[in-house]
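# Structural features, examined
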Amino acid sequence: MQKVLNVHSFIYLLTYLFITGCANSRVKVTQGNYSIKKFKSSDSWITINAYDNEISYGALTPIIKINKLYFHNEGIKTFNVEDSNYGIRISHIGKISIEIKDLVVKKGDSIVINAYLKDDPTPIVD
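This report concerns the structure included in the present document. (Residues numbered from 1 in each chain as written. Predicted model: local features only at pLDDT ≥ 70, side-chain atom pairs only at ≥ 80, totals over all residues. Heavy atoms only, no water.)

Summarising burial for strand E10 (residues 109-117): 8 of the 9 residues are buried, a large majority. Sheet analysis places strand E2 (residues 34-40) next to E10, joined by 7 bridges and oriented antiparallel. Paired with Lys 38 across the strands is Ile 111, a residue of E10. Bridging between strand E3 (residues 45-52) and E10 involves 8 bridges; their strand directions are parallel. Residue pairing in the sheet places Ile 46 in a bridge with Ile 111 of E10. (Buried < 20%, exposed > 50% of the residue type's maximum accessible area, 1.4 Å probe, protein only. Helix = DSSP H or I, 4+ residues; strand = E, 2+ residues; numbered from the N terminus. Pairing = 2+ DSSP bridges.)

Bringing the environment of Ile 46 into the picture now. Note on placement: Ile 46 falls in strand E3. Of the residues examined, Ile 46 reaches a relative accessible area of 0% and is grouped as buried. Separated by 10 residues in sequence, Ile 46 and Ile 36 have C-alpha atoms that sit 9.9 Å apart. Apart from residues no more than four positions distant in its own chain, Ile 46 is found in contact with Lys 77, Thr 78, Phe 79, Val 81, Tyr 86, Ile 88, Leu 103, Val 105, Ile 111 and Ile 113. (Contact = heavy atoms within 4.5 Å.)

So, about the pattern of salt bridges. Within this structure, the stated rule accounts for 4 salt bridges. Taking the shortest distance from any N to any O, the salt bridge between Arg 89 and Glu 99 comes out at 3.9 Å. Residue Arg 89 is located in strand E8 (residues 84-91), and its partner Glu 99 is located in strand E9 (residues 98-105); the two are separated by 10 residues in the primary sequence. Judged by relative accessible area, which is 35%, Arg 89 ranks as partly exposed. One salt bridge in this structure joins Asp 119 and Lys 95, with 2.4 Å as the shortest N-O distance. Of the two residues, Asp 119 sits in the segment after E10 while Lys 95 sits in the loop between E8 and E9, which places them 24 residues apart along the sequence. The class for Lys 95 is buried, based on a relative accessible area of 10%. In the salt-bridge network here, residues are joined through shared partners; they are Asp 52, Lys 95 and Asp 119. (Salt bridge = Lys/Arg side-chain N within 4 Å of Asp/Glu carboxyl O.)

Geometry only, nothing functional implied.
This is the structure in structure tokens:
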């Protein structure tokens, strides 16, 4: 009798975890040197975090290009956006840039991008 209760409890626990996991409305996509997490919220925004892939993932102040606009400011990393497709380029001096093409943002999407920039092996020429 005890084993039956444990099996039923286990099934209820798995069902609960599945339902609560789906209710979070979070999507995570990982592509090579970056990850994208989507959440649902009242506003639409994109947050971009850049890290040095070579030195213990230390934070970087990247140069960010969203569509045709460039941003390079230590204080700006979150952008309010509208429903649209976005092309994003994340770069830093001496690092290999990361490009994300056609990022679709819908009403109420909150997106967090974590980019891990690797050293660029191209030699500097005088």
